[in-house]
Amino acid sequence: MHPLDEILQGWRQEAAQASFSRRRDMGTAFEALCMAFLTHDPVQAAQFGRVQPYGEWARQRGLPADDAGIDLVAELKEEPGAYVAIQCKFRESQGSIAKVEMDSFLAASGRPEFRRRIWMDTTERPS
C-alpha cells in the first residue's frame, strides 16, 4: 500500500468514529496534504508557485475570504498573476460528490484570474 493510501485510510477510520466537527478537521488536514503534494511533488512543483488557502489569497486582494467553493489557490509558474482554483474533498473511498458541490466550485472559479481548475478528492470512483 502506498504511504498516501495508508494516511487516508487512517483518517477515514478516525472520521468514521468522530463527530461532524471532527470530520471538518479531517477536511482541513486533507487540504494541507494537497498543498504539500502540489508544492513537493516534482511534477506539480514545476507547474505551480505559491499554493495557499483560498481565504489568504482572497484577503490579499480585498475579496471576501469566506468559503466560496474554492479551497486552495496556486499561482502558475509559467504565467505570473494567473492562478489555479483547487477544490479538495475528503470522502469515503466509495463516497460521491454532489452536483451542487461541483456547481459551486465551477461558479466560484469562473473569475478571470483563474486559468485552470483542479479537483482533488479521496473517492476511488472512476471519473
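If you're wondering where the values come from, they're calculated on a predicted model, not measured in any experiment.

## So, the sheet that holds strand β2 (residues 72-76)
Part 1 of the argument: Strands sit in the order β1-β2-β3-β4 across an open sheet of four strands; the sheet is mixed. Where the open sheet ends on each side, the last strands, each with one partner, are β1 (48-53) and β4 (114-121). Mean inter-strand twist for the sheet, computed between neighbouring axes without regard to direction, equals 20°.
Part 2 of the argument: Relative to β2, β1 is paired through four bridges, and the arrangement is antiparallel. Bridging from a neighbouring strand, Gln-52 pairs with Val-73 of β2.
Part 3 of the argument: Those strands touched by helix α5 (residues 99-108) are β3 (83-89) and β4, and its axis lies near 155° from that of β4.

## Side note on the confidence of the model for the chain
Part 1 of the argument: Overall, the predicted model of the chain reaches an average pLDDT of 85, with 86% of residues at or above 70.
Part 2 of the argument: Put simply, helix α1 (residues 3-17) is where the chain has its lowest mean pLDDT, 71, and β2 is where it has its highest, 97.

## Observations concerning the packing of aromatic side chains
Aromatic ring pairs are defined here through the distance separating the ring centres and the angle between the ring planes.
Part 1 of the argument: Under the criterion given, the structure shown has five aromatic pairs.
Part 2 of the argument: Arranged with centres 6.2 Å apart and planes meeting at 45°, the rings of Phe-30 and Phe-90 form a pair that is tilted. With a gap of 60 residues between them, Phe-30 in helix α2 (residues 20-40) and Phe-90 in the loop between β3 and α5 connect regions that are remote in the sequence.
Part 3 of the argument: For Phe-90, a relative accessible area of 14% corresponds to the buried category.

Definitions and cut-offs
Residues numbered from 1 in each chain as written. Predicted model: local features only at pLDDT ≥ 70, side-chain atom pairs only at ≥ 80, totals over all residues. Heavy atoms only, no water. Pairing = 2+ DSSP bridges. Helix = DSSP H or I, 4+ residues; strand = E, 2+ residues; numbered from the N terminus. Axes fitted to C-alpha atoms, helices over the stretch in contact; angles between N-to-C directions. Contact = heavy atoms within 4.5 Å. pLDDT = per-residue confidence, 0-100. Phe/Tyr/Trp six-rings, centres within 6.5 Å; stacked < 30°, edge-to-face > 60°. Buried < 20%, exposed > 50% of the residue type's maximum accessible area, 1.4 Å probe, protein only.

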